Amino acid sequence: MKQLKDDPVNGASTDRPFIHFDKVVKRYGELTVLDHLDIDIAAGEKVTLIGPSGSGKTTILRLLMTLESLTEGYIWVDGKPLWHKYNGTELVPADQKHLREMRKQIGMVFQHFNLFPNMTVLQNVIEAPIRSLGQSRDLAVARAKELLNHVGLSAKEDAHPNQLSGGQQQRVAIARALAMSPRVLLLDEVTSALDPELVAGVLAVLRELAETTDITMLCVTHEMGFARDVSDRVMMFDKGQIVEEGPPRQIFEAPEHDRTKGFLSAVLAH
Amino acid sequence: MIWDWQFAREIFPILLRAFLQVSLVITVLATLLAAALGLVMAVIRYSKVPVVSPTTSGFLQFIRATPIPVQLFFVFYVLPDIGVLISAVVTGVLVLGIHYASYFAEVYRGGIESIPKGQWEACTALSLPVRTIWQRVVLPQAVRKILPSLGNYVISMAKEVPFLLFISVPEMVAQAKDIGGASFRYLEPFTICGVIYLAFSYPASVLMRKLEIRLETA
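Scoring rules and cut-offs
Residues numbered from 1 in each chain as written. Chains lettered and ligands numbered in written order. Predicted model: local features only at pLDDT ≥ 70, side-chain atom pairs only at ≥ 80, totals over all residues. Helix = DSSP H or I, 4+ residues; strand = E, 2+ residues; numbered from the N terminus. Buried ≥ 20, exposed ≤ 12 C-beta atoms within 10 Å, placed from the backbone. Core = buried A, V, L, I, M, F, W, Y, C linked by C-beta atoms within 7 Å. Contact = placed C-beta atoms within 7 Å. Nonpolar A, V, L, I, M, F, W, Y, C, P; charged D, E, K, R; others polar. pLDDT = per-residue confidence, 0-100. Pairing = 2+ DSSP bridges. Axes fitted to C-alpha atoms, helices over the stretch in contact; angles between N-to-C directions. Right-handed = clockwise from strand over helix to strand, strands pointing away.

Peer 1: Is there a simple way to explain the overall build of chain B in this structure?
Peer 2: Regarding its fold elements, chain B presents eight helices and zero strands. N-terminal to C-terminal, the α/β element order of chain B is α-α-α-α-α-α-α-α. Dimensions of chain B, computed from C-alpha atoms along their principal axes, come out at roughly 70 × 50 × 25 Å. A buried classification covers 31% of the 218 residues belonging to chain B.

Put into structure tokens, the structure is as follows:
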């Protein structure tokens, strides 16, 4: 079920897009990765970020997950500033408490899975709901089993990550992120570290997630077929700026910008 | 000088008992202190708390840069001047414990830094509370990596317990010295001390090497 954009329950999201980047700048010393970037993403929208490496697309996900700090500008999630909080009417840098609260609605799946190797699959999935959301163990376990079943790994719940293939580990990582019931899911090149034969299983899980939930998805990927099938919108990045954006059909079949054409032919060539 | 088996048999139980009841007990207590205190120091240093973290680093530097006998004499003979009276055995445990806590902290730091960045990022992405991150993710993984080096430090700490004879703790070597002084025979008591230490340290270090190999391949 898609979430209505003028849903009165989410009052704040009616006047602003669900995720809003307002002149976001990210610099590492002298290097400017994002240069006054503006992005709007609606609730429930599935957006794919494509572009050459170093174009800043992963940085966007990392800023949203609060793994990197903002240099300038503002990021709004559901009407609230992510990196700032109100001091009266003035926006000041947020403290850890604010960041922790804001993070709870955002989940991320990483290129290298980052499962906890000292825990079983089931423990990996229930840890955050129990410790971070304060769910009861019973509830967390029930939900985790449901999620693991969904990603096809019910049989592996007592295994440790190092006993699983990369594809299985990544599906556990997806279940772990979903166990927090995030409203936004960030997918950072989640199939890039996988052997080719394991990619399909992970993409199938994500495809189903995209089609059956109203979770907002931001996806950095080199899987153009997947991007074409699941995204509502594709953004082509280069040098920290959006070069071109639009529905997948438009970007993949009739790209306007030379940078997009060049990038796509390079990616699709192999 | 001829080895006197009769005399050796007589004093062996005394020395063994001193080793087990004093030297080893002090080693165990000081290890527990070092393990706990070292952990606190490592977490404080790693957390980069202003003022506290640099102060801890400075203290660790100071502890490591001064010899154990000086620290023993200081605590046992100087502190009473300002009204702090600590028994010899407790002094020994404290000084060895704190001294080795500084090494342990260093080992812990290495262990903590060996945790891949991705683990911390996963913790952030899951909004795990700081306490959970340390207790459930970072430390359990770090411990596996550092157990062998900690073990080796414990073995070397056991060999530094004889320093405590400077403040009259009745550990094994002090007793061997007393036996020697009373009987004018030093060959047997010190040889036995050496053999007992060897019988303890050598198997212990072999065990540590095995543990190291097991943890690496696990």
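Having seen the structure, we can now continue with the description.
Peer 1: Even after reading the chapter, I still don't get the nonpolar core, so can you show me in this structure?
Peer 2: One broad rule of soluble globular proteins: the nonpolar side chains tend to lie buried together. In this structure, Val125(A) and Leu186(A) are the most contacted members of the largest nonpolar core, which totals 122 residues. Top contributing element to this core by residue count: helix H4 (residues 88–113) of chain B, with eleven residues. Not counting residues within four places of it along the chain, the set of residues in contact with Leu186(A) comprises Leu61(A), Leu64(A), Met65(A), Ile106(A), Gly107(A), Met108(A) and Leu218(A).

Peer 1: Is there a simple way to explain the interface of chain B and chain A in this structure?
Peer 2: Interfaces are often sized by the amount of accessible area the parts lose when they come together. Counting from both sides, the interface comprises 15 residues of chain B and, opposite them, 19 residues of chain A. Mapped onto the side of chain B that touches chain A, the elements with two or more residues apiece are helix H5 (117–125) and helix H6 (130–158) of chain B. Ranked by residues supplied to the side of chain B that touches chain A, first place goes to H5(B) with six residues. Looking at the side of chain B that touches chain A, its residues break down into seven nonpolar, six polar and two charged.

Peer 1: Please explain the confidence of the model for chain A as it appears in this structure.
Peer 2: Detailed reading of the predicted model is not advised wherever pLDDT is low. Looking at chain A as a whole, the pLDDT averages 91, with 94% of positions reaching at least 70. Between residues 1–14 of chain A, whose pLDDT stays under 50, and residues either more than four places distant or in other chains, the model counts 17 contacts.

Peer 1: Teacher, can you tell me more about the sheet that holds strand E9 (residues 184–188) of chain A here?
Peer 2: For sheets, the rule is that strands pair by backbone hydrogen bonds, running either parallel or antiparallel. All names here are of chain A. If you trace the six strands from one edge of the open sheet to the other, you get E8-E9-E10-E3-E11-E12, paired in mixed fashion. Every interior strand has two partners, whereas the edge strands, strand E8 (106–109) and strand E12 (241–246), have only one. For this sheet, the mean angle separating the axes of adjacent strands, direction not counted, is 20°. Across four bridges, the pairing between E8 and E9 is parallel. When the bridges of E9 are listed, Met 108 appears paired with Leu 186. Together, E8 and E9 form the strand contacts of helix H6 (residues 166–178), whose direction differs from that of E8 by roughly 175°. Sheet contacts for helix H10 (residues 258–268): strand E3 (46–50), strand E11 (233–238) and E12; angle to E11, the most-contacted strand, approximately 100°.

Peer 1: It is not clear to me how the sheet that holds strand E5 (residues 80–81) of chain A should be interpreted in this structure. Could you clarify?
Peer 2: Residue and element names in this part refer to chain A. If you walk across this open sheet you meet the four strands as E2-E1-E4-E5, and the pairing is antiparallel. Unpaired on one side and paired on the other, strand E2 (31–41) and E5 mark the two borders of the sheet. With seven bridges joining them, strand E1 (residues 19–28) and E2 adopt antiparallel strand pairing. In the sheet register, Tyr 28 faces E2, and the bridge partner there is Leu 31.

Peer 1: Which parts of the structure should I look at to understand the pairing of strand E7 (residues 90–93) of chain A?
Peer 2: Two faces belong to every sheet, and in a regular strand the side chains alternate between them. Residue and element names in this part refer to chain A. Where strand E6 (residues 84–87) lies against E7, four bridges are found, and the strand directions are antiparallel. If you follow His 84 over to E7, its bridge partner there is Pro 93. Connecting the antiparallel pair E6 and E7 is a turn made up of two residues, with Gly 88 showing a positive phi of about 70°.

Peer 1: Any chance you could explain the pairing of E9(A) here in plain terms?
Peer 2: Residues and elements named next belong to chain A. Among the five residues that make up E9, five are buried, leaving the element largely enclosed by the rest of the structure. Where burial is concerned, the two faces of E9 agree: the one with Val 184, Leu 186 and Asp 188 and the one with Leu 185 and Leu 187 are both buried. The sheet contact formed by E9 and strand E10 (residues 216–220) spans five bridges and is parallel. By the bridge assignment, Leu 186 is partnered in E10 with Leu 218. Handedness of the β-α-β unit built from E9, helix H7 (residues 196–212) and E10 comes out right-handed.

Peer 1: Looking at this structure, I do not really get the environment of Leu115(A). What am I missing?
Peer 2: Position of Leu115(A) among the secondary structure elements: in the loop between E8 and helix H4 (121–131). Not counting residues within four places of it along the chain, the set of residues in contact with Leu115(A) comprises Asn124(A), Pro161(A), Gln169(A), Val172(A) and Ala173(A).

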